[in-house]
Amino acid sequence: MTEPTVNEEQSPLTKPKFIISAVVVAIIVALGIILALVPKGGGTPSPEPSKAGPNTGSSQPSATSAASVCGLPSGDQAKPATAPADAKWELVGKIAAPTSPKQFGPGKTEPNGLRSCFAHSPTGALYAAVNVAALSGSGKANLVYEQLAVPGPERDAVLKSSPTAAPESVAAQLAGFTVRSYDGDRTVIDLAFKGANGAFVSIPVPLQWFGGDWKIVVPATGDTGARQIADLSGYIEWAGV
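All values reported here derive from a predicted model rather than from experimental measurement.

A. The state of the cysteines, seen in detail. Summed over all chains, the structure comprises one disulfide. Covalent S-S linkage joins C70 and C117, the inter-sulfur distance amounting to 1.8 Å. When the S-S torsion is -85°, as for the bridge of C70 with C117, the disulfide is left-handed. Linking C70 in the loop between helix 2 (31-37) and strand 1 (88-92) with C117 in the loop between strand 4 (115-116) and helix 3 (122-137), this pair joins segments that are 47 residues apart in sequence. The class for C70 is partly exposed, based on a relative accessible area of 30%.

As structure tokens, this is what we get:
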């Protein structure tokens, strides 16, 4: 296993508690740190959201699911096998995020920059995951956890820890994705980001359909499973820049 690229004796950021904290507090807010520190091919895959159903390619939303908060149609329930062809991209901070307001989302963009309301489908969840990641990486971690996370003790603990803004040096872009699982109301979208140094990092984003939109699930274990990866093998390549 490749050793971390940062000298542990010179930087307290390499201490295990800090690495875990960076992952828990903001998923990709500390993306630049994660790229430098996590072992290539290492890490433990992120746990699936609790009560997830079978990993099928076209599971339907449950009959009790809330309708989209902004009226977006659910659309195709098959997991995407190729990159969405007609995606348009907008910079959220320094990170390009896909947008399709009438089909996949975000259907709502607030004056404070919050982007929400995504289609109740695997592709809608993909758009949600990338937009949440971009918002977190643009210094809006508190806003993300306040408005775009499933309520619960894990989320409350993160908010009490006061997620910090992304470092100015963070420069990474989406490079690919894979839909790990999808059961209609719960999913895990694995995003691959490429840093300015050419390194790749995998960041699984667990999501739950909650209150008519996709919300992130804060892992109870405090480990998102983020890890550095050698290349995009196993991912569908997709990028806005």
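B. Quick peek at the packing of aromatic side chains. Enumeration over the complete set of coordinates arrives at six aromatic pairs. Note on W209 and W214: the rings are 5.4 Å apart at their centroids and 80° apart in plane angle, and the pair reads as edge-to-face. Across this residue pair, the class does not change: W209 and W214 are buried. Members of the aromatic cluster, connected to one another through ring pairs, are W89, F104, Y127, F177 and W238.

Rules behind the numbers
- Residues numbered from 1 in each chain as written.
- Predicted model: local features only at pLDDT ≥ 70, side-chain atom pairs only at ≥ 80, totals over all residues.
- Heavy atoms only, no water.
- Disulfide = S-S within 2.5 Å.
- Helix = DSSP H or I, 4+ residues; strand = E, 2+ residues; numbered from the N terminus.
- Buried < 20%, exposed > 50% of the residue type's maximum accessible area, 1.4 Å probe, protein only.
- Phe/Tyr/Trp six-rings, centres within 6.5 Å; stacked < 30°, edge-to-face > 60°.

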